[in-house]
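# Observations on chain architecture
What follows is the residue order along each chain.
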Amino acid sequence: MEDFDILKRFDNDKLIDVVKNYKRYGYDDEIRDYAINLLEERGWSVEDLKTFGYWENSDYEEALIQYKAYCRNSLIAVCVLVLSLCMLAPIYLVFVFMAYRNVCKFYQALGRKEEAVFSFDLCWHVLLFFYLKEKMKEELKGIR
């Protein structure tokens, strides 16, 4: 009821702003309807409000639509990323294990009895790939 008393003291410009931007201000439809009724008492019709572009804030409405679409699409993108990673993680682990076995067999083929010359860590596999690739390439050049 306090909001309605405050609206009575507003001039027409402020009431028009309430009608046009009520969502932006977080007002409900009841407050907007009351502001419209006050404007009608002061000589403004609903048609006048619509004609002069005071009925709704189309820029705000469009921005709100785009914001909601962004939130929805971003959430979908994150979910797809997480699901993809969850589905691909087992495949990744299989190939990392196979690569580790290849390194062990590589050094066995060179006549070395050591397991692997690096500590096997899944987190570092991507970085170790480049290091081991170059190191193994150099070792291959040394084979006679």
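See the structure printed just above.
None of the values given here were measured: they were computed from a predicted structure.

Let's shift gears to the overall build of the chain. Looking only at helices and strands, the chain has six helices and zero strands in total. Start at the N end of the chain and walk to the C end: the helices and strands fall as α-α-α-α-α-α. In the chain, buried positions account for 19% of the 144 residues. Across the chain, the fraction of contacts at a sequence separation of at least 24, relative to all contacts at a separation of at least 6, is 57%. Carbon together with sulfur atoms contributes 60% to the accessible area of the chain, which is approximately 11000 Å² in total.

Here the focus is the nonpolar core. In this structure, Phe-4, Leu-7, Leu-15, Ile-16, Val-18, Val-19, Ile-31, Ala-35, Ile-36, Leu-38, Leu-39 and Leu-49 together form the largest nonpolar core, which totals twelve residues. If you list the elements that add at least two residues to this core, you get helix H1 (2–9), helix H2 (12–25) and helix H3 (29–41). Counting residues per element, this core draws most heavily on H3, at five residues. Discounting chain neighbours no more than four positions away, the residues touching Val-18 are Leu-7, Phe-10, Tyr-27, Ile-31 and Ala-35. One finds Val-103, Phe-106, Leu-132 and Met-136 within the second-largest nonpolar core, a separate group that totals five residues.

Turning next to H3. An ideal rise of 1.5 Å per residue puts 18 Å on 13 residues; H3 measures up with 18 Å between its terminal C-alpha atoms. Looking one or two residues beyond H3, the residue adopting positive phi is Gly-43, at roughly 105 degrees.

Looking now at the pattern of salt bridges. Opposite charge on two side chains lets them pair, provided their charged atoms get close. Using the criterion set out here, one finds one salt bridge in the structure. Across the pair Lys-23 and Glu-61 runs a salt bridge whose closest N-O atoms are separated by 3.4 Å. Taken together, the residues span a long stretch of sequence, with Lys-23 in helix H2 and Glu-61 in helix H5 (residues 58–109) at a distance of 38 residues. The class of Glu-61 is partly exposed, set by a relative accessible area of 22%.

Right, let's get into the packing of H2 against H3. Packing of H2 against H3 leaves a shortest axis separation of 9 Å and a crossing angle of 145 degrees. The element H2 and its partner H3 pack so that their crossing is left-handed. When H2 is examined against H3, the residues Asn-12, Leu-15, Ile-16, Val-18, Val-19 and Tyr-22 are found in contact with a partner set consisting of Asp-29, Ile-31, Arg-32, Ala-35, Ile-36, Leu-38 and Leu-39. Looking at side-chain class alone, the contact of H2 with H3 contains ten nonpolar, one polar and two charged residues.

So, how was this worked out
Residues numbered from 1 in each chain as written. Predicted model: local features only at pLDDT ≥ 70, side-chain atom pairs only at ≥ 80, totals over all residues. Heavy atoms only, no water. Helix = DSSP H or I, 4+ residues; strand = E, 2+ residues; numbered from the N terminus. Buried < 20%, exposed > 50% of the residue type's maximum accessible area, 1.4 Å probe, protein only. Contact = heavy atoms within 4.5 Å. Areas by Shrake-Rupley, 256 points an atom, 1.4 Å probe, with all protein chains shown as cover. Core = buried A, V, L, I, M, F, W, Y, C linked by side-chain atoms within 4.5 Å. Expected span 1.5 Å × (residues − 1). Salt bridge = Lys/Arg side-chain N within 4 Å of Asp/Glu carboxyl O. Axes fitted to C-alpha atoms, helices over the stretch in contact; angles between N-to-C directions. Left-handed = near helix turned anticlockwise from the far one by under 90°. Nonpolar A, V, L, I, M, F, W, Y, C, P; charged D, E, K, R; others polar.

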